[in-house]
Amino acid sequence: MAPQSTSDLSPGEIALPRVIAFANQKGGVGKTTTAITVAACLAELEYRVLVVDLDPQGNASTGLGINARDLDATIYDVLLRGEKLENCIEPTAVKNLFVAPANLDLAGADIELVPEMGREQRLKKAIDTVIDQYDYVILDCPPSLGLLTVNGLTAATEVFVPIQCEYFALEGLGQLLRSVDRVSQVLNPTLEVRHIACVMYTHTTLADDVVREVREHFGDKVCKTVVPRSVRVAEAPSHGKPVTSFDPSSAASKAYREIAKEISGGTSNRPR
Ligand SMILES: Nc1ncnc2c1ncn2[C@@H]1O[C@H](COP(=O)(O)OP(=O)(O)OP(=O)(O)O)[C@@H](O)[C@H]1O
Ligand SMILES: [Mg+2]
């Protein structure tokens, strides 16, 4: 699909293809779960979606049923060995959903990238070679603000921040927002945090306080739908499926479908 010229858009509309970095340097807040499940929901809506796993833990890959240990090419080879991105893309069991996997090889990349030419733009250059085949590219960033995340922010058209409904939820968020600002000043001028979602919600006063505080801080950027904590979500990765395939009618699956609709709602063009 040819990218639309921004002059064809009405106010507030966003052109496809979109590249969304799921980022929050806090660990275990639901980045990967949210990235792969939103990706699966967008694929259900018939968009063509590529998930790029930027985390040496490889959770997005295993969560989509890919055992990245035995692969000939992973995102590490793309970023550091000049491998073509198209050679490392794998189909998943979800129609329209593809993944560029990562494994532990990527653990050294934050340091190995330091002396390399164009170190911040390597992922963007790789994505540019396949972008015409996708409507959405979803980047699962690691829990750090190192060069892998900077590559994600440089390649992205927008940032999605999942926030866990727990005490200290907003801690460290200022650092992430400063990184987004820095990347937008130097490398990617149109980058912005477009969506924030509250995840792992439980019916407690604490969780309600966190949701209220997030809405006070970030207003309209915060998704209307909150994702509940659910055992089914935690079980899904061990089956190599997003929860929307593992338990399609669960409350969490419904919530993630609503979030995918909120994300794609302002999009100008239909799936290919
Ligand atoms: N809505 C939910 N209900 C229950 N468990 C959840 C939910 N969302 C995520 N989890 C679980 O919480 C843990 C952390 O989630 P996830 O791996 O998505 O976080 P992350 O931010 O990607 O972590 P990391 O920083 O290590 O990359 C996982 O075990 C996941 O299965
Ligand atoms: Mg993760």
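What you see is a predicted model, and the numbers here were worked out from it, not measured in a lab.

How each quantity is defined
Residues numbered from 1 in each chain as written. Chains lettered and ligands numbered in written order. Predicted model: local features only at pLDDT ≥ 70, side-chain atom pairs only at ≥ 80, totals over all residues. Heavy atoms only, no water. Helix = DSSP H or I, 4+ residues; strand = E, 2+ residues; numbered from the N terminus. Rg over C-alpha atoms; globule rule 2.2 N^0.38 Å. Buried < 20%, exposed > 50% of the residue type's maximum accessible area, 1.4 Å probe, protein only. Areas by Shrake-Rupley, 256 points an atom, 1.4 Å probe, with all protein chains shown as cover. Pairing = 2+ DSSP bridges. Right-handed = clockwise from strand over helix to strand, strands pointing away. Phe/Tyr/Trp six-rings, centres within 6.5 Å; stacked < 30°, edge-to-face > 60°. Lys NZ or Arg CZ within 6 Å of the ring centre and 35° of its normal. Contact = heavy atoms within 4.5 Å. Axes fitted to C-alpha atoms, helices over the stretch in contact; angles between N-to-C directions. Near = heavy atom within 4 Å. Nonpolar A, V, L, I, M, F, W, Y, C, P; charged D, E, K, R; others polar. Core = buried A, V, L, I, M, F, W, Y, C linked by side-chain atoms within 4.5 Å. Lys, Arg positive; Asp, Glu negative; His and termini not counted. Salt bridge = Lys/Arg side-chain N within 4 Å of Asp/Glu carboxyl O. Polar contact = N/O pair within 3.5 Å; in protein donor to acceptor, adjacent residues only side chain to side chain.

Draft legend 1. Region of interest: the overall build of the protein. Secondary structure summary: the protein contains 11 helices and seven strands in total. Over its C-alpha atoms the protein spans a radius of gyration of 17 Å, differing by no more than 12% from the 19 Å that the globule rule assigns to 272 residues. Burial statistics for the protein: of 272 residues in total, 54% are counted as buried. Just so you have it, the protein exposes about 12200 Å², and 51% of that area is on carbon and sulfur atoms.

Draft legend 2. Broad picture of the pairing of strand β7 (residues 193–199). The buried fraction of β7 amounts to six of the seven residues, a majority that puts the element mostly inside the structure. Pairing between strand β6 (residues 158–164) and β7: six bridges, direction parallel. Of the residues in β7, the one forming a bridge with V159 is V193. Handedness of the crossover joining β6 and β7 through helix α7 (residues 173–186): right-handed.

Draft legend 3. Broad picture of the packing of aromatic side chains. Counted under the stated rule, the structure contains four aromatic pairs. Taking 4.5 Å as the distance between ring centres and 15° as the angle between the ring planes, the aromatic pair formed by F22 and F160 counts as stacked. Of this pair, F22 sits in strand β1 (residues 18–22) while F160 is found in strand β6, placing the two residues 138 residues apart along the sequence. Taken as a pair, F22 and F160 share a single burial class, namely buried. A centroid spacing of 5.9 Å and a plane angle of 70° characterise the contact between F98 and Y134, whose relative ring orientation is edge-to-face. Separated by 36 residues along the polypeptide, F98 in strand β4 (residues 97–100) and Y134 in the loop between α5 (122–128) and β5 (136–140) bring together distant segments of the chain. This pair shows no difference in class: F98 is buried, exactly as Y134 is. One Lys or Arg, R48, reaches over the ring of Y134 and ends 5.3 Å from the middle of that ring.

Draft legend 4. Molecular detail of the sheet that holds β6. The strand order across the open sheet built from seven strands is β3-β4-β2-β5-β1-β6-β7, with neighbouring strands paired in mixed fashion. The open sheet has two edge strands, β3 (90–91) and β7, and neither has a second partner. Note: β1 against β5, five bridges, orientation parallel. Its bridge partner being in β5, I20 is matched across the sheet by I138. Lying over the sheet, helix α1 (residues 31–44) contacts β1, β2 (49–53), β4, β5, β6 and β7, oriented at roughly 165° with respect to β5. Running over the sheet, helix α6 (residues 147–155) touches β1, β5 and β6 and is turned about 150° from β1.

Draft legend 5. Layout of the site of ligand 1. Taken together, 17 residues lie near ligand 1, and G28, K31, T32, T33 and S230 sit nearest. About the coverage of ligand 1: the protein hides 81% of its 630 Å² of free accessible area. Among the elements of the structure, α1 and α9 (231–235) are those that each provide at least two residues to the shell around ligand 1. Tallying contributions element by element places α1 first for the shell around ligand 1, with three residues. Classifying every residue of the shell around ligand 1 by side-chain character gives six nonpolar, seven polar and four charged.

Draft legend 6. Structural context of the nonpolar core. Ranked by internal contacts, the top residues of the largest apolar core, which has 57 residues, are I75, L85 and L139. Sequence-distant contacts of I75, that is, excluding residues within four places in its chain, are made with V52, D53, L54, L85, C88, A100, P101, A102, L106 and L123. A60, F160, A252 and Y256 belong to the second largest nonpolar core, which has 38 residues in total.

Draft legend 7. A look at the side chain of D55. Tracing the sequence through the fold places D55 in the loop between β2 and α2 (59–63). No salt bridge is formed by the buried D55; its nearest oppositely charged neighbour, K31, is found at 6.5 Å. Separated by 2.7 Å, the side chains of D55 and Q57 make a polar contact. Leave out the neighbours within four places in its chain, and D55 touches A102, L106, D140, C141, P142 and P143.

Draft legend 8. Structural context of the environment of P228. As for its position among the elements, P228 is in the loop between α8 (205–218) and α9. You can call P228 partly exposed: its relative accessible area is 23%. Separated by 23 residues in the primary sequence, P228 and A251 have C-alpha atoms spaced 7.2 Å apart. Contacts of P228, omitting those with residues within four sequence positions, involve M200, Y201, A251, A252 and A255.

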